[in-house]
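Read off the chains here:
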Protein chains: 2
Amino acid sequence: MQASFFFSLDFAYYLDSRYIVRVKSAMDLECGSQEPVKQGLLARGWLKIKALSNNVTAEVFEFFRTLRKLGQDDPRRVVHSLKAGLALTLVSLFYYYQPLYDSFGVSAMWAVITVVVVFEFSVGATLGKGVNRGLGTLLAGALAIGAHQLANLTGRIQICTCAAAISTFARFCPKIKARYDYGLLVFILTFSLISISGFRDDEILELVHKRLLTVVIGGSTCVIISVLLFPVWAGQDLHNLIASNMEKLGVFLEGFGDEYFRMAEEGESKQGISLLQGYKSVLNSKNNEEALANFARWEPRHGRFQFRHPWKQYLKIGALTRQCAYRIESLNGHLHADIQAKPEIRSKIQSTCTEMSMESGEALKELSMAIKTMVKPFAADIHIENSKSAVKNLNSLLKSGLWDDEPNLLEVVPVATVASLLIDVVSCTANIAESVHELATMLNFEAVEPTVLRETEPEI
Amino acid sequence: MQASFFFSLDFAYYLDSRYIVRVKSAMDLECGSQEPVKQGLLARGWLKIKALSNNVTAEVFEFFRTLRKLGQDDPRRVVHSLKAGLALTLVSLFYYYQPLYDSFGVSAMWAVITVVVVFEFSVGATLGKGVNRGLGTLLAGALAIGAHQLANLTGRIQICTCAAAISTFARFCPKIKARYDYGLLVFILTFSLISISGFRDDEILELVHKRLLTVVIGGSTCVIISVLLFPVWAGQDLHNLIASNMEKLGVFLEGFGDEYFRMAEEGESKQGISLLQGYKSVLNSKNNEEALANFARWEPRHGRFQFRHPWKQYLKIGALTRQCAYRIESLNGHLHADIQAKPEIRSKIQSTCTEMSMESGEALKELSMAIKTMVKPFAADIHIENSKSAVKNLNSLLKSGLWDDEPNLLEVVPVATVASLLIDVVSCTANIAESVHELATMLNFEAVEPTVLRETEPEI
């Protein structure tokens, strides 16, 4: 009976882990009334163990659920894992085929190490790490041979210490950190290994030669697999990230006007607000953008991206987008504010503010689309012009003294702030549009007439 | 004469590289008038080479200047480099002393590799990497021995491929990436190396044993040196970063009121504005804070920091500080705006706005000081109260219709926006103060009466 009880407890736990407390206390009551105290204690101990194992099971399930979600969010991650497995299998063949093993021996290990360490998610990261590893090994090998000629072991250890200290320090330099951090690490590693091990092995030239060859083999295996099999280009990712960040801001702005003024009419609608929170990720995208740009610089020509693609311009657009996102963060604060202005105060600028917000949102979406499809952002220009003329309308409304009948400025201030922030957003959007135009000129984007716009908005 | 000319050119270049163009064109003119064309070409070629070598020299000089600046900015970097050199020297002794070398042989190499890879700037990062490397090696060794019992080489390569693919995929999981990313990398590395090399070497148990021992020796060397010699604690760094970020915002706010209203009186003073731009780094500090918190979790008790210090609370305070920084970014836009409101419009709210800005700035500085010195933030509470009553004053001013004689609302809107943003800043500051109080309660900060405040502000 006890067993079946635990079974039902187990089952209840799987149904919903929150029920366990209820079931547990029900059982405690039962134990207390019908069984001796000792057995009750035993049962309680057993229950604790059960609960613990259930917790572990639940965590393992949770972990696998997370893994599945990771795969669903970006299936390229699954492909990447399989590619890493494949690369490792390929270099393992060194050990499998006798002739290859005979010529490399234990050094073949370095090919495996290189694959594990160098194989990264994007082509740029893999290439960067591969080149860094190759150059680091080459330079360290050459210098280590030189050091080996010069000194005895004590001297070599001193040289090695100095080289390690200097290289470690150079890794703090931001420019070096961005591109050659890993190369310096490999340099220290190889230099120490070769110059110290030279004490035992006089065939140091052969060691360097083998080491370099295995690293090149491992590195090129990684690069070839990452370029040929479903390549993930960091440049393409950066391109998409910049475009999608703009789109997120656009979505917020398109929804903001309606949401802000509807709240005044129908009370708050929290659901609508939560749909607009996608822009939050833009606030902290700086590091991600810079990392992708660093990787992208290593990548060869692919698709419409050249080797010396203007990645700096992407970073510039990204920075301007973030500037806009900071203003939007302030706007978002006004959606959540406890005290809202009276509807009659808002309604006076409702149409112009909604237009400013809507038009700059559409402009951002068109700019995002222009980057994605690599066409000149003509379609956005119309929206930019519309948003600017909405600002002019608002200005003349304000000049005409629309709130003169409202003695309580306290109520006017929040609405005026929203209007002012929207004016900022319009000017931010214009800046973004300008820098996207610069990018379009640099890359000779196609000039396509904005036909899509005409179809969706036939009244213009 | 030509030689002395080049010398003077060289000298001119060092004086200021921008002069080179002027000197070069002067020389071109001279060459054209007095020498044959061929010699002029030669001279020009020579000049180009000279300029190139000058460029290289200048870049090398620039590089060393950057290095010196890096050392001056944070002398701990120099110390870290020397510590890395020392750690490497210590493990090199394996090769130096015959008895040690005899017992470890080539495996001693792994100690060197471990030191180079594990030694990081802060204790937390070093400990984290060391533990990851140790655990990864242990787990991979155990599993590799198991795999070795089971299958022949083909089977082992298959198992290895699967393990690599699964581990590579697990590294995408954010929670795992934060703490065990390096451990998984080492796991893949060690598992592949051991399970594949088992084909050649049947003494796999000894290999695993030696590998693990050398890794432990290398790792503990790193940890001991990084803890005992001038330790750099990531937790302390996070603590200071959070406090200094608050202080930066405080500096801006203290200066903002004066700057904004003085601009109206005396025209723009760009110098004052540039002094206030220190807060910009706060906008993008999220990744840095999270990395430091991840490292800090590995650190043992040190000074006033316990092992399970509430690092999450620091991240919460950091997030609230960034929220405040976004508002300040908007405020900063109003310092730089081309169109400013008329002085007579501003002057009506000058004193209250300056007080709001000044008081919340001082509150932030007091909060920062409270965190730095680990005392309860009583001193800040007074400023928070003052800033809140300034908000109330502003509200009653607005209710009394202070701008009623101003028909042009267009001029009022920017000032009203600044006031509204300052109200937001006051509420952000109150939130920050609340979370600092929470931290003070969690950590039992000392309760010190705000005597310092009374000394500096005797009029209260």
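Reading the values: the criteria
- Within every chain, residues take consecutive numbers counted from 1 along the sequence as written.
- The naming scheme follows written order: chains are lettered A onward, ligands numbered 1 onward.
- The model is predicted, so local features are restricted to residues of pLDDT at least 70 and side-chain atom pairs to those at 80 or more, both for listing and for counting; the totals for chains, interfaces and linings are taken over all residues.
- Based on all heavy atoms of the structure, the side-chain values leave hydrogens and waters out of the count.
- Angular values range over 0 to 180 degrees, each being the angle between N-to-C directions of two axes fitted as lines to C-alpha atoms, with helices fitted over their stretch in contact.
- In this description a helix means any DSSP run of H or I spanning at least four residues, a strand means any run of E spanning at least two, and both kinds are numbered starting from the N terminus.
- Comment on the angle field: the value is read as roughly parallel under 35 degrees, roughly antiparallel over 145, roughly perpendicular from 65 to 115, and oblique elsewhere.
- Handedness of a helix crossing follows the sense of rotation of the near helix relative to the far helix, less than a right angle counterclockwise being left-handed and clockwise being right-handed.
- Only heavy atoms enter the contact rule, under which two residues are in contact if any of them lie within 4.5 Å.
- Here the term charged refers only to Asp, Glu, Lys and Arg, the term nonpolar to Ala, Val, Leu, Ile, Met, Phe, Trp, Tyr, Cys and Pro, and the term polar to all other amino acids, Gly among them.
- In this comparison the copies share one frame, found by least squares on the C-alpha atoms of residues holding pLDDT of at least 70 in both.
- A 1.4 Å probe defines the accessible area here, and the buried area is the portion of it lost by two parts on being joined, summed over both.
- Here a polar contact is recorded for every N or O atom pair within 3.5 Å, except that within protein the pair must consist of a potential hydrogen donor and a potential acceptor, and residues adjacent in sequence are included only if both atoms are side-chain atoms.
- Here, a salt bridge means any side-chain nitrogen of Lys or Arg that lies within 4 Å of a carboxyl oxygen of Asp or Glu.
- Only protein chains enter the accessibility calculation, which uses a 1.4 Å probe; a residue is then buried when its area is under 20% of its type maximum, exposed when over 50%, and partly exposed in between.
- Surface patches are drawn from residues lacking salt bridges whose relative accessible area is over 30%; two like charges belong together within 9 Å, two nonpolar side chains (Val, Leu, Ile, Met, Phe, Trp, Tyr) within 5 Å.
- Here the open area of atoms and residues is found with the Shrake-Rupley method and a 1.4 Å probe, where only the protein chains shown may cover a residue.
- UniProt positions are given in the numbering used here, feature names are shortened, and annotations may be inferred rather than shown by experiment.
- Any two cysteine sulfur atoms lying within 2.5 Å of each other are counted as a disulfide.
- Confidence of the prediction at every residue is given by pLDDT, a number between 0 and 100.

1. Considering the packing of helix α16 (residues 343-373) of chain A against helix α17 (residues 378-399) of chain A
Residue and element names in this part refer to chain A. At a minimum axis distance of 8 Å, the contact between α16 and α17 shows a crossing angle of 160°. When the axis of α16 is compared with that of α17, the two are roughly antiparallel. Here the hand of the crossing between α16 and α17 comes out left-handed. The segment α16 lies against α17, with Lys 348, Ile 349, Thr 352, Glu 355, Met 356, Glu 359, Ser 360, Glu 362, Ala 363, Glu 366 and Leu 367 engaging Ala 379, Ala 380, His 383, Ile 384, Asn 386, Ser 387, Ala 390, Val 391, Asn 393, Leu 394 and Leu 397. Of the residues that constitute the contact of α16 with α17, the class distribution is 11 nonpolar, six polar and five charged.

2. A few points about the packing of helix α4 (residues 76-96) of chain A against helix α10 (residues 204-228) of chain A
Residue and element names in this part refer to chain A. Where α4 meets α10, the closest approach of the two axes is 10 Å, and the angle between their N-to-C directions is 145°. In this structure, the crossing between α4 and α10 has a hand that is right-handed. For the pair α4 and α10, the contacting residues are Lys 83, Leu 86, Ala 87, Leu 90, Val 91 and Phe 94 in the first and Ile 217, Gly 218, Thr 221, Ile 225 and Ser 226 in the second. Taken together, the residues that form the contact of α4 with α10 break down as seven nonpolar, three polar and one charged.

3. Things to note about the relation of the copies chain A and chain B
Relating one copy of the chain to the other takes a rotation about an axis and a shift parallel to that axis. Its rotation angle being 180°, the transformation that places chain A on chain B also includes 0.0 Å of axial translation and leaves an RMSD of 0.1 Å. With respect to symmetry, the two chain copies, as superposed, fit the operation of a two-fold axis. Nearest to the rotation axis, the C-alpha of A:Thr417 is located 2.3 Å from it, this being the minimum over chain A. When you check the interface residues of chain A against chain B, 100% turn up at the interface there too, and the contact is symmetric in its surfaces.

4. Focus: the interface of chain A and chain B
The interface of chain A with chain B comprises 79 residues on the first partner and 79 residues on the second. Around 7000 Å² of area is buried between chain A and chain B when both sides are counted, 72% of it from carbon and sulfur atoms. Viewed at the interface, chain B and chain A are joined by nine residue pairs in polar contact (both at pLDDT 80 or more). Sort the elements by how many residues they give to the side of chain A that touches chain B and α4(A) lands first, with 13 residues.

5. Focus: the pattern of salt bridges
All names here are of chain A. In total, this model carries 30 salt bridges over all chains according to the counting rule given. Of the charged contacts, one joins Glu 247 and Lys 372 as a salt bridge, the two residues approaching to 2.9 Å between their closest N and O atoms. Linking Glu 247 in helix α11 (residues 234-266) with Lys 372 in helix α16, this pair joins segments that are 125 residues apart in sequence. Among the residues examined, Lys 372 registers a relative accessible area of 38% and is labelled partly exposed. One network of salt bridges, in which partners are shared, links Asp 74, Arg 76 and Asp 237.

6. Points about a nonpolar patch on the surface
Residue and element names in this part refer to chain A. Taken together, the side chains of Leu 86, Leu 90, Leu 93, Tyr 96, Tyr 97, Ile 224, Leu 228, Leu 229 and Phe 230 make up a nonpolar region of the molecular surface, amounting to roughly 850 Å² of accessible area. Looking at the nonpolar patch, the elements with two or more residues in it are α4 and α10. Among the secondary structure elements, Leu 93 is positioned in helix α4.

7. Observations regarding unusual backbone geometry
Residue and element names in this part refer to chain B. Positive phi, close to 40°, is recorded for Phe 230, a residue that is not glycine. Structurally, the position occupied by Phe 230 is in the loop between α10 (204-228) and α11 (234-266). When its relative accessible area of 62% is taken as the criterion, Phe 230 is described as exposed. A positive phi is found at Met 374, a non-glycine position, where the angle reads about 55°. Considering the arrangement of structural elements, one finds Met 374 in the loop between α16 (343-373) and α17 (378-399).

8. Structural notes on the UniProt feature "transmembrane region" (unreviewed entry) in chain A
Per the UniProt entry, the sites bearing "transmembrane region" (unreviewed entry) are residues 78-97, 103-123, 130-147, 182-200 and 212-234 of chain A in this numbering. For the annotated span residues 212-234 of chain A, helix accounts for 78% and strand for 0% of the residues, and the straight-line distance between the end C-alpha atoms is 27 Å.

9. Points about the environment of B:His437
Residues and elements named next belong to chain B. Following the sequence through the fold, His 437 ends up in helix α18 (residues 409-442). Given the relative accessible area of 24%, His 437 is considered partly exposed. Apart from residues lying up to four places away in sequence, His 437 is in contact with Pro 377 and Asp 381.

10. With respect to the state of the cysteines
The final tally for this structure, using the stated rule, is zero disulfides over all chains. Cysteine B:Cys324 is unpaired, with the sulfur of B:Cys428 as its nearest cysteine sulfur at 4.7 Å.

11. Digging into the confidence of the model for chain A
All names here are of chain A. Here chain A shows a mean pLDDT of 79. Residues at 70 or above account for 81%. Of all the helices and strands in chain A, helix α1 (residues 2-15) carries the lowest mean pLDDT, 36, while helix α14 (residues 286-296) carries the highest, 91. Contacts for the low-pLDDT stretch residues 452-460, under 50 throughout, to residues beyond four places or in other chains number six contacts. This prediction of the complex comes with two scores: 0.79 for pTM and 0.76 for ipTM.

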